[in-house]
Amino acid sequence: MSWKAIDALDDARDATASLLLPFDAGRWARLAFIALFIGGLGGSGGAGSNSGTTVSNGGGSTDIPVDSLPGFVTPENVIAAVIALVAVGLVLGLIWSFVGSVMQFVLVDAVVTKDVRIRKPFRERFWLGVRLFAFQIGLLIAIITVIGLPVAAVYFGSVAVTPGIALLAIPLVFLAIGLLFVSAIIVQLTTDFVVPTMIAEDRDLLSSWGRVVPVFRAELSEFGLYVIVRFILGILASIAVGIAALLATVVVAIPFAIVGGAAFLALNAANVALFSTVGLVVFGALGVLFVLAAIAVSAVVQMPVVTYFRYYSLFLLGSADDSLDLVSQFRSDDDSSAPEGPTPA
């Protein structure tokens with residue numbers, strides 16, 4: 001018995017190789033940029049360490065006294081700065097998630113047409129990305145509401161936290177785990193199968209879900225196997241990408257360490273304190289450049305994996321429903337299940 005979810009693995013491998021080879025720097029760079037928003041930052045490391053706790057003082061070094069710190073460094077200002085950083089982080093996270101939602105469509109266009117572009121498909125798929133982003137945010141809000149309502153009832157209802165009430169937290173934890181698991185599967189199925197359906201038949205998100213649900217039911221064993229295989233391969237790929245990204249980041253860190261060491265010696269020779277304006281600017285710039293380089297390396301490392309998984313879902317979807325096959329032109333000639341589906345405009 002031939003499993004479509006297994007056959008699609010080989011088709012995805014061949015299609016990924018045909019897209020990435022022969023090597024084209026521009027294509028790889030654009031795909032890596034797309035994968036950066038879809039696959040995340042990977043294992044990016046932090047900036048250079050601030051291990052210097054001493055300053056030059058006529059050839060010797062002494063600890064920096066606390067009262068030498070700037071006057072504006074107070075506990076209140078530190079708390080305000082932390083709150084501001086958290087707020088900025090949340091805003092940037094939402095922006096990143098939104099761009100990633102649009103990039104899901106950009107990636108499908110790229111792997112289907114093999115014409116890897118960013119700006120034009122981003123503009124064309126912008127509102128589809130808005131719908132996907134809204135769906136994901138709505139799902140998150142629903143989960144938070146279900147989990148948060150009992151907690152809010154206890155807190156705002158001035159209910160005494162007795163051992164009996166505390167025991168109710170146990171099923172709440174299991175409920176949270178279950179909801180997160182189900183939501184993760186829903187999001188995965190949405191990006192893997194609903195997104196290409198939105199492109200293939202020019203539908204909105206909810207209509208596309210209604211379109212693929214009968215396909216899921218008709219091929220329940222295939223899509224169930226897909227979820228299992230995708231989960232296992234995802235774990236293995238995450239480990240492999242993490243190790244590769246870490247090794248690549250270490251290699252990238254070598255020139256930054258050399259430059260940073262030379263800068264430290266130069267500043268020390270010039271009697272310029274490490275925490276002076278010049279020192280903070282120099283090492284801050286090196287830190288930012290290193291983080292950007294590490295992110296870029298991680299994106300390149302994970303790009304083939306992101307591309308492969310996108311092809312994998314497209315091949316299975318096309319095998320399950322001819323009219324949703326966006327990759328029929330990439331199927332091997334001996335694939336008896338290859339449908340004659342329409343190609344995207």
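The written sequence of each chain sets the order in which its residues are numbered from 1. Local features in a predicted model are, by the rule used here, given only for residues with pLDDT of at least 70; side-chain atom pairs are given and counted only at 80 or more, and totals for whole chains, interfaces and linings are based on all residues. The side-chain figures draw on all heavy atoms in the structure; neither hydrogens nor water molecules are used.

Enquirer: Would you mind going over a nonpolar patch on the surface with me for this structure?
Expert: Taken together, the side chains of Ile228, Phe231, Ile232, Ile235, Leu236, Ile239, Ile243 and Leu247 make up a nonpolar region of the molecular surface, amounting to roughly 800 Å² of accessible area. Secondary structure elements are taken from DSSP: a helix is a run of H or I of four residues or more, a strand is a run of E of two residues or more, and numbering for both begins at the N terminus. Looking at the secondary structure, you find Ile239 in helix α9 (residues 220–269). Think of a patch as exposed residues, more than 30% relative accessible area, with no salt bridge, where like charges cluster within 9 Å and nonpolar side chains (Val, Leu, Ile, Met, Phe, Trp, Tyr) cluster within 5 Å. Where accessible areas are quoted, they stem from the Shrake-Rupley method and a 1.4 Å probe; at the residue level, only the protein chains shown are allowed to cover. Any Lys or Arg side-chain nitrogen located within 4 Å of an Asp or Glu carboxyl oxygen qualifies as a salt bridge.

Enquirer: Is there a simple way to explain the packing of helix α7 (residues 169–201) against helix α8 (residues 205–218) in this structure?
Expert: Packed helix pairs are characterised by how far apart their axes lie and by the angle those axes make with each other. Orientation of α7 relative to α8, taken along the N-to-C sense of each, is 105°, at an axis distance of 9 Å. Relative to α8, α7 is oriented roughly perpendicular. Each of Ile186, Leu189, Thr190, Phe193, Val194, Thr197, Met198 and Glu201 in α7 lies in contact with α8, whose residues at this interface are Leu205, Ser208, Trp209, Arg211, Val212 and Phe216. The residue makeup of the contact of α7 with α8, split by class, is nine nonpolar, three polar and two charged. Convention adopted: a line fitted to C-alpha atoms gives each axis, helices being fitted over their contacting stretch, and angles between N-to-C directions are expressed from 0 to 180 degrees. Orientation is classified from the angle alone, with under 35 degrees giving roughly parallel, over 145 giving roughly antiparallel, 65 to 115 giving roughly perpendicular, and any other angle giving oblique. Any two residues whose heavy atoms approach within 4.5 Å are treated as being in contact. Side-chain classes are defined by residue name, with Ala, Val, Leu, Ile, Met, Phe, Trp, Tyr, Cys and Pro counting as nonpolar, Asp, Glu, Lys and Arg as charged, and the others, Gly among them, as polar.

Enquirer: What's the story with the pattern of salt bridges in this structure? I'm lost.
Expert: Close approach of charged atoms lets side chains of opposite charge pair. All chains considered together, the criterion is met by 11 salt bridges. The partner of Glu124 in a salt bridge is Lys120, and the shortest N-O contact between them spans 2.7 Å. In this pair, Glu124 and Lys120 both sit in helix α4 (residues 119–124), four residues apart, roughly one turn of the helix. Exposure remark for Glu124: the relative accessible area of 48% places this residue in the partly exposed category. Of the charged contacts in the structure, one is a salt bridge between Arg211 and Glu201, with a shortest N-O distance of 3.1 Å. Of this pair, Arg211 sits in helix α8 while Glu201 sits in helix α7; the two residues are 10 residues apart in sequence, bridging distant segments of the chain. Think of it in three bands: with a 1.4 Å probe and only protein chains considered, a residue is buried below 20% of the maximum accessible area for its type, exposed above 50%, and partly exposed in between.

Enquirer: I tried to follow the UniProt feature "transmembrane region" (unreviewed entry) in the chain on my own but got confused; where do I start?
Expert: The feature "transmembrane region" (unreviewed entry), as annotated in UniProt, sits at residues 28–47, 78–111, 132–158, 164–189, 227–258 and 278–301 in this numbering. Taken end to end, residues 78–111 is 100% helix and 0% strand, and its two terminal C-alpha atoms sit 47 Å from one another. UniProt positions are given in the numbering used here, feature names are shortened, and annotations may be inferred rather than shown by experiment.

Enquirer: What is the right way to read unusual backbone geometry from this model?
Expert: Note: most residues except glycine have negative phi, and most peptide bonds are trans. Here the residue pair Leu21 and Pro22 is connected by a cis peptide bond, since its omega of 0° sits within 30 degrees of zero. Within the secondary structure, Pro22 sits in the loop between α1 (4–20) and α2 (25–39). If you check the backbone angles, Lys114 has positive phi at about 60° while not being a glycine. As for its placement among the helices and strands, Lys114 is situated in the loop between α3 (75–113) and α4. For Lys114, a relative accessible area of 24% gives the class partly exposed.

Enquirer: Which parts of the structure should I look at to understand the nonpolar core?
Expert: Within soluble globular proteins, side chains that are nonpolar generally end up buried alongside one another. If you look at the biggest cluster of nonpolar residues, it comprises 62 residues, and the most contacted ones within it are Leu31, Met103, Phe193, Tyr311, Tyr312 and Phe315. Of all elements in the fold, only α1, α2, α3, α5 (126–156), α7, α8, α9 and α10 (277–320) reach the threshold of two or more residues within this core. With 13 residues, α10 is the largest single contributor of residues to this core. Once you skip the residues sitting within four places of it in the chain, Phe193 turns out to touch Val212, Phe216, Phe223, Tyr226, Ser313, Leu316 and Leu317. To define a nonpolar core, start from buried Ala, Val, Leu, Ile, Met, Phe, Trp, Tyr and Cys residues and group those joined through side-chain atoms within 4.5 Å.

Enquirer: Just to check I follow, could you spell out the environment of Pro304 for this structure?
Expert: Within the secondary structure, Pro304 is located in helix α10. Not counting residues within four places of it along the chain, the set of residues in contact with Pro304 comprises Thr16 and Leu20.

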